[in-house]
Amino acid sequence: MELLLIGGYKTTVPEWERPTGDESTTVLNVPERRISCVDFGFGCDMLVTRRIVQLTDCHLFADPSRELREFVTWSRFMTVLQDVRQRIPEFDLLVMTGDTAHDEAFETYQSVRGLLGPWIEKLKIIPGNHDDRRFLNDVFPETRGGLAERITFESRWENWRAIGLDSHITGQTSGSLGDEQRAWLRTRLQARPSLHTVLFLHHPPVLVQSPWLDQIRLQDATEFEQLLRDHPQVRVISCGHVHQEITASFAGGTLITTPAVGPQFRPRSEQLEIEPGPPGYRVLELHPDGRWSSQTLFCQ
Ligand SMILES: [Fe+2]
């Protein structure tokens, strides 16, 4: 038990759950944000809502002036960071869900790290098809997860946790989790079945009604769905890759995709078509009782 003085009252704050010893797990222990009501006679805990900002598909280059389909992606990334500073002044986690670097260059990741500044402490980053897993590991060593060949993460709070998965297949545009990672995920979910869970991965496991994108979705979606059917605590799965927003039911939970920081894709198109529009991102609010809500935000 830990004593804190909050608002002039002396109260007790019980220790949070401790790590299991797995380096892939981060327990965000911020005791001053949790106030026990025991000393006030309420017999309940005042738990706080956790907030996650998701950025995806930045498609950045080592050369900051380089364009992707007539968009300067660094300019869009800077615009999004400024928008987050203004509209989401407080959040618990910054999750980047892949295709951070279009050129897969070491220098690109270094520039991203330099720009995020103090947000690095809140950053979790997983690869997309355009990323280089080795360079991600080199530039963001603190984000390295528990699987040797993958970049994963797990962050836990009182009633919620966020797990990041790695669907990158080197040399391919489509994605896959693979047997080993799905077994790892099953172990994590079985260990704490009472925790409401949000999953992040780059490749969505559902059709988005654009044939060219549906061909390059998550290839082991059926196995992934079977796994999640056994774990109803997975409430929401949030992906990138498709550069547009969709919402779908999946394995008893809700699957969402997030607009890109880079160029947006036109929904329901046979071939790649760019949808004119500003960069976007997502914010998720995870409430202590298991409810959650989410918004996509576009920069003006
Ligand atoms: Fe992308």
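One can find the structure itself at the top, above this paragraph.
Heads up: these notes are all about the structure in this document. (Residues numbered from 1 in each chain as written. Predicted model: local features only at pLDDT ≥ 70, side-chain atom pairs only at ≥ 80, totals over all residues.)

Considering the overall build of the protein
Note the following rule: The secondary structure listing takes helices from DSSP runs of H or I that are at least 4 residues long and strands from runs of E that are at least 2 residues long, numbered from the N terminus. Note on burial: count the other C-beta atoms lying within 10 Å of the residue's C-beta; 20 or more is buried, 12 or fewer is exposed, in between is partly exposed, and C-beta positions come from the backbone. In this description, any two residues whose backbone-derived C-beta atoms lie within 7 Å of each other are considered to be in contact.
In terms of helices and strands, the protein carries six helices and 20 strands. Taking all 300 residues of the protein together, 40% fall into the buried category. The contacts of the protein with a sequence gap of at least 6 include a subset with a gap of at least 24, amounting to 65%.

Side note on the pairing of strand β11 (residues 153-156)
Consecutive side chains of a regular strand alternate in pointing toward one face of the sheet and then the other. We apply this condition: Whether two strands pair depends on DSSP finding at least two bridges between them.
Burial of β11 is two-sided: the residues F153 and S155 facing one way and the residues E154 and R156 facing the other way are all buried. One ladder, built from four bridges, connects β11 with strand β12 (residues 160-164); its direction is antiparallel. Following the sheet pairing, F153 is matched in β12 by G164. From the end of β11 to the start of β12, which pair antiparallel, there are three residues.

A closer look at the nonpolar core
One recurring pattern in soluble globular proteins: nonpolar side chains tend to sit buried together. What counts here: Throughout this description, the term nonpolar core refers to a group of buried Ala, Val, Leu, Ile, Met, Phe, Trp, Tyr and Cys residues whose C-beta atoms join them within 7 Å.
Residues L165 and L199 are the most contacted members of the largest nonpolar core, which totals 57 residues. Those residues within four positions of L165 in sequence are excluded, and the remaining contacts are I126, T152, L177, Q181, L185, L199, F200 and L201.

Here's the deal with the pairing of strand β16 (residues 253-257)
Judged by how many residues are buried, β16 sits mostly within the fold: four of five residues are covered. The pairing of strand β14 (residues 234-239) with β16 spans four bridges and is parallel. Its bridge partner lying in β16, V236 is registered against T254. Relative to β16, strand β15 (residues 247-250) runs antiparallel, the two sharing four bridges. Opposite S249, over in β16, you have T254 as the bridge partner.

So, the packing of helix α4 (residues 178-191) against helix α6 (residues 221-229)
Using the following cut-off: Only the stretch in contact is used when fitting a helix axis, every axis being a line fitted to C-alpha atoms; angles between N-to-C directions are given from 0 to 180 degrees. In what follows, roughly perpendicular refers to angles from 65 to 115 degrees, roughly parallel to angles under 35, roughly antiparallel to angles over 145, and oblique to any angle outside these ranges. In this scheme the handedness of a crossing depends on how the near helix is turned from the far one: anticlockwise by less than a right angle means left-handed, clockwise means right-handed. When residues are sorted by character, Ala, Val, Leu, Ile, Met, Phe, Trp, Tyr, Cys and Pro go into the nonpolar class, Asp, Glu, Lys and Arg into the charged class, and all the rest, Gly among them, into the polar class.
Contact geometry for α4 and α6: axes closest at 11 Å, N-to-C directions at 10°. Classified by the angle between their axes, α4 and α6 sit roughly parallel to one another. Seen from above, α4 lies across α6 with right-handed handedness. In contact with R182, L185 and R186 of α4, α6 contributes E223, F224 and L227. Taken together, the residues of the contact of α4 with α6 sort by class into three nonpolar, no polar and three charged.

Notes on the sheet that holds strand β10 (residues 123-126)
Strands sit in the order β10-β9-β6-β19-β20 across an open sheet of five strands; the sheet is mixed. Of all strands in the sheet, those with a lone pairing partner are β10 and β20 (292-298), marking the two edges. For this sheet the average axis-to-axis angle between neighbouring strands, irrespective of direction, equals 20°. When strand β9 (residues 93-97) meets β10, the two strands line up parallel, connected through four bridges. Across the sheet, T97 pairs through a bridge with I126, a residue of β10.

As for the environment of Q209
With respect to the helices, strands and loops of the structure, Q209 is situated in the loop between β13 (196-200) and α5 (211-214). Taking the number of C-beta atoms within 10 Å as the measure of exposure, Q209 has 11 and is therefore exposed. On a C-alpha basis, the gap between Q209 and S269 in space is 7.7 Å, while along the polypeptide they are 60 residues apart.

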